[in-house]
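Okay, here's what each chain looks like letter by letter:
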Amino acid sequence: MPEVYMNQFLFVDLSSRTSASVPVPDWLKLDFVGGKGFGAKLLYDLCPANADPLGPDNPLMFMTGPLTSTSAPSMRACVVTKSPATNLFLDSYFGGRFGPEIKYAGYDGIIIMGQATEPVYLWVTDKKVEFRSADKIWGQDAIESNHAIKADLNQFQARVVTIGQAGEKQGKLSMITCEYNRQAGRGGAGAVMGSKNLKGIAVKGHAVVRVSDPDKFKEACATAFQEIKESPACAELTEFGTSSAVAYSEDMGTLPNRNYLDQTFVGADKIGEKAQQQHLFLGKAACFGCPIRCSQMGAVRTGKHAHFITDTVEYETAAMLGANLDISDVRALARLNRMCDEYGLDTISIGSVVAFAFEAIEKGVLEPPPDVDLTFGSIAGAQYLIKEIALQDSPLGKLLALGVRGASREIGMESTDYAIQVKGLELPGFAPRGSPGMGLAYMTADRGACHQRGFMVGYELGGEPFNGEPVDPDALEGKAEMLRQLQDYLAGTDALVKCDFGAMGVTPETYGQLYTAATGQEAGSDFFSSLGERIWNQTRLFNLREGMTYEDEQLPNRLLKEVVPTGPQKGKVLSKPDMDFLRDDYYRVRGWDDKGRPLPQTTEGLGLTSENKFKLPSTKK
Amino acid sequence: MRPKIFIKTNFDLCSGCELCCLACSEKFFNGYNPHLSAIRIDHGEENLYHFPVVCQQCDNPYCANVCPKKAIERDPQTGALVVNPDECIGCNLCNRYCPIDMAGVGPEVNYSIKCDLCNGAPKCVDACPTGALETISL
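Please read these numbers as outputs of a predicted model, since none were measured by experiment. (Residues numbered from 1 in each chain as written. Chains lettered and ligands numbered in written order. Predicted model: local features only at pLDDT ≥ 70, side-chain atom pairs only at ≥ 80, totals over all residues. Heavy atoms only, no water.)

Structural notes on helix α24 (residues 576–590) of chain A
Residue and element names in this part refer to chain A.
Right, on to step 1. End to end, α24 covers 21 Å across 15 residues, agreeing with the expected 21 Å (1.5 Å per residue, within 8%).
Right, on to step 2. Of the positions making up α24, those classed as buried are Met579, Leu582, Arg583, Asp585, Tyr586, Tyr587 and Arg590.
Right, on to step 3. On its buried face, α24 sits against α18 (436–444), α20 (479–493), α22 (527–545), α23 (557–561) and α25 (600–605).
Right, on to step 4. N-cap assignment for α24: the residue whose side-chain oxygen lies 3.1 Å from the backbone N of aspartate 578 is serine 575. (Helix = DSSP H or I, 4+ residues; strand = E, 2+ residues; numbered from the N terminus. Expected span 1.5 Å × (residues − 1). Buried < 20%, exposed > 50% of the residue type's maximum accessible area, 1.4 Å probe, protein only. Contact = heavy atoms within 4.5 Å. Polar contact = N/O pair within 3.5 Å; in protein donor to acceptor, adjacent residues only side chain to side chain.)

Observations regarding the layout of surface pockets
Right, on to step 1. A volume near 670 Å³ is recorded for the second largest pocket.
Right, on to step 2. In terms of lining residues, the second largest pocket is bounded by 22 residues, among which Phe225 of chain A together with Leu19, Asp126, Ala127 and Pro129 of chain B are the most central.
Right, on to step 3. Listing elements by their share of the lining of the second largest pocket, those giving two or more residues are α7 (214–230) and α8 (232–240) of chain A together with α1 (19–29) and α4 (123–127) of chain B.
Right, on to step 4. For the lining of the second largest pocket, the element with the highest residue contribution is α7 of chain A, accounting for seven residues.
Right, on to step 5. Looking at the lining of the second largest pocket residue by residue, the classes come out as twelve nonpolar, three polar and seven charged. (1 Å grid on protein atoms, 1.4 Å probe; cavity = no way out; pocket = protein on both sides within 12 Å on 5 of 7 lines; lining within 4 Å. Points joined across faces, edges and corners; volume = space filled by probe spheres on them. Nonpolar A, V, L, I, M, F, W, Y, C, P; charged D, E, K, R; others polar.)

A closer look at the interface of chain A and chain B
Right, on to step 1. Between chain A and chain B, the contact holds 38 residues from the first and 29 residues from the second.
Right, on to step 2. Together chain A and chain B conceal approximately 2700 Å² of surface at their shared face, both sides included; 56% is due to carbon and sulfur atoms.
Right, on to step 3. Where chain A packs against chain B, one counts three salt bridges.
Right, on to step 4. Put simply, glutamate 18 of chain B and arginine 159 of chain A hold a salt bridge, and the shortest N to O gap is 3.5 Å.
Right, on to step 5. Counting residues per element, the ones that place at least two in the side of chain A that touches chain B are α3 (98–104), α4 (142–153), α7, β13 (281–285) and β14 (295–300) of chain A.
Right, on to step 6. Counting residues per element, the side of chain A that touches chain B draws most heavily on α7 of chain A, at four residues. (Buried area = accessible area lost by both parts, 1.4 Å probe. Salt bridge = Lys/Arg side-chain N within 4 Å of Asp/Glu carboxyl O.)

Some thoughts on the pairing of strand β3 (residues 49–53) of chain B
Looking along a regular strand, one sees side chains alternate from face to face of the sheet.
Residues and elements named next belong to chain B.
Right, on to step 1. Across five bridges, the pairing between strand β2 (residues 40–44) and β3 is antiparallel. Bridging across to β3, arginine 40 finds its partner in valine 53.
Right, on to step 2. Count of turn residues in the β2/β3 antiparallel hairpin: four residues, of which glutamate 45 carries a positive phi of about 50 degrees. (Pairing = 2+ DSSP bridges.)

In short, the description is geometric, and any link to function would need to be established separately.
Take a look at the structure:
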């Protein structure tokens with residue numbers, strides 16, 4: 001049976017304040033491997049159909065993979081839960097040092113059910129769990145509370161995740177903050193944690209993680225390190241983090257501006273790597289076990305926003321809080337980023353919802369409060385809205401904390417046309433007009449509009465060849481199949497749990513060797529793709545059960561009807577017939593029916609009709 | 001006797017990745033856990049700084065001085081202070097009197113773990129991708 005696993009999940013029931021170790025079944029390790037795979041199967045089995053994402057029945061899970069915590073480079077862990085933003089499957093990945101610590105404490109994952117009656121935090125160490133009062137910490141921001149928990153425990157080597165005020169208030173844009181500068185950002189996982197009255201989790205453990213074949217594992221690690229070392233993309237991340245993607249995106253014409261009205265930004269140079277290097281960067285930080293060290297740590301040390309510590313203003317943040325809001329002051333941008341990190345808000349979704357609010361006010365369909373400038377380019381306006389959304393002290397804050405889909409439904413007046421989201425998740429910072437495959441990726445990603453489930457834009461506009469062949473951006477034929485392959489491979493390696501940046505260097509063969517040496521299980525050349533296909537269909541079954549239909553898989557009208565006004569993609573639009581064609585073709589290549597439902601032979605072929613079901617012990621007092 | 005080699009730490013280059021700790025725990029435990037390694041990284045100021053902490057192989061080694069079995073002895077080749085697992089009784093006094101927590105009894109073993117400079121070729125230095133650890137020969 002597979003090795004390297006700790007073979008236990010930690011199950012915590014906050015309602016009864018009990019915990020238990022639950023064995024990890026062999027079939028789960030073999031069929032779903034870890035990370036996203038574990039999360040996909042467990043969410044399907046443990047979350048009752050149509051459960052309220054913010055109710056006690058929704059599991060909140062922190063899942064590791066077989067390579068998390070080992071010396072395999074650049075591994076992460078993930079949060080899986082039912083999203084309050086989409087009411088669908090949510091997986092959100094984080095680096096840092098919390099994921100490995102779960103394994104050192106003796107577990108492959110943490111499954112949290114129920115709701116505490118009072119604010120608590122968990123202290124998990126070497127298979128011991130304490131429920132500790134968070135009364136004094138509730139109300140603190142995500143970073144303060146991390147320090148407060150360590151101080152309360154007198155454990156400064158513990159690894160801690162927390163929520164900020166946004167998660168406490170259960171806003172749909174709230175995230176879980178993993179130390180430091182790493183977040184399970186998307187889809188409102190922070191609100192799920194807040195709904196459980198769970199302020200934080202601290203973990204420290206002394207278990208040894210051992211692989212099946214240490215010599216082969218060392219060899220595979222050496223290969224992986226060498227591949228990262230030789231990768232120009234990884235070298236770029238070492239040098240600049242993701243900040244240099246601002247120029248990359250601006251060159252392609254995919255940098256969103258003014259709520260996705262345009263796809264180019266005159267201030268791009270002022271928020272990219274050169275500006276960040278000049279005004280922010282000081283040194284580098286790495287996630288646990290990662291040679292890339294993409295974090296460019298620094299501080300805002302001059303100007304009116306000084307002084308505070310900041311990581312790289314990541315591409316997504318620069319795109320969504322900078323370009324999309326027409327803000328080009330890099331220090332102010334770092335300030336907005338810091339506010340989101342403190343309150344515990346996803347900068348991607350915040351950039352979208354603030355832009356949506358600016359536009360709705362501009363169009364006169366949303367009433368602005370007096371004395372605040374809520375127009376594009378207003379730093380003070382963005383700061384104001386971020387605070388209002390986090391704390392929900394005003395009707396405007398409450399409205400926008402619903403996310404753009406929820407807010408636009410409340411406002412009406414055709415505002416859904418420029419609510420830039422799919423299935424309730426705001427689009428990230430690669431604007432897709434001119435890249436139909438990217439449009440399809442946003443439409444079909446399991447967690448809603450996500451760029452990390454198939455980065456088609458890199459092939460369609462970035463010039464990257466696919467299987468050695470150049471890709472015609474305007475072609476529709478073959479794009480669905482291409483996306484299917486990308487989604488499957490990524491889902492398969494998200495079971496390990498790989499980091500997208502490490503994967504720019506590490507090859508599929510080497511991931512296979514790492515997996516085999518760690519677990520003792522063979523991995524053929526299509527191992528990750530077929531694993532990913534199983535996982536992708538499992539999350540599909542969950543989403544369909546929770547009420548998603550094919551009609552939810554479409555882009556907002558702005559992207560379907562309004563042409564890009566300027567820049568490299570000037571004149572481009574993603575037409576509805578084209579996108580319908582791509583969606584139909586995608587369902588076909590997936591083995592789904594014309595409504596996007598997996599056909600019986602598809603689920604049977606993937607082993608998803610087996611009777612294996614994961615169960616938790618009863619926790620009734 | 002001064003050690004003939006020592007590990008120089010350059011905190012300004014340290015990214016806090018702890019690959020050094022993983023290499024060290026691999027050596028001692030044939031597995032992975034940075035808390036069990038004989039090198040530690042202290043992360044400061046929200047990851048703005050990372051400080052590698054290594055055994056100083058002291059001239060006046062409190063760990064060896066307090067050992068009731070004299071189980072920590074100087075290696076004549078490298079000058080490192082090395083635990084003899086056959087002599088060590090696992091009392092953990094070395095841990096109690098080392099001010100920087102560089103020696104102590106690990107789980108699964110009943111003897112103290114401390115840096116022995118890997119016979120002169122420290123694995124932590126090999127594993128460091130940034131140059132934050134250097135082996136200096138005197």
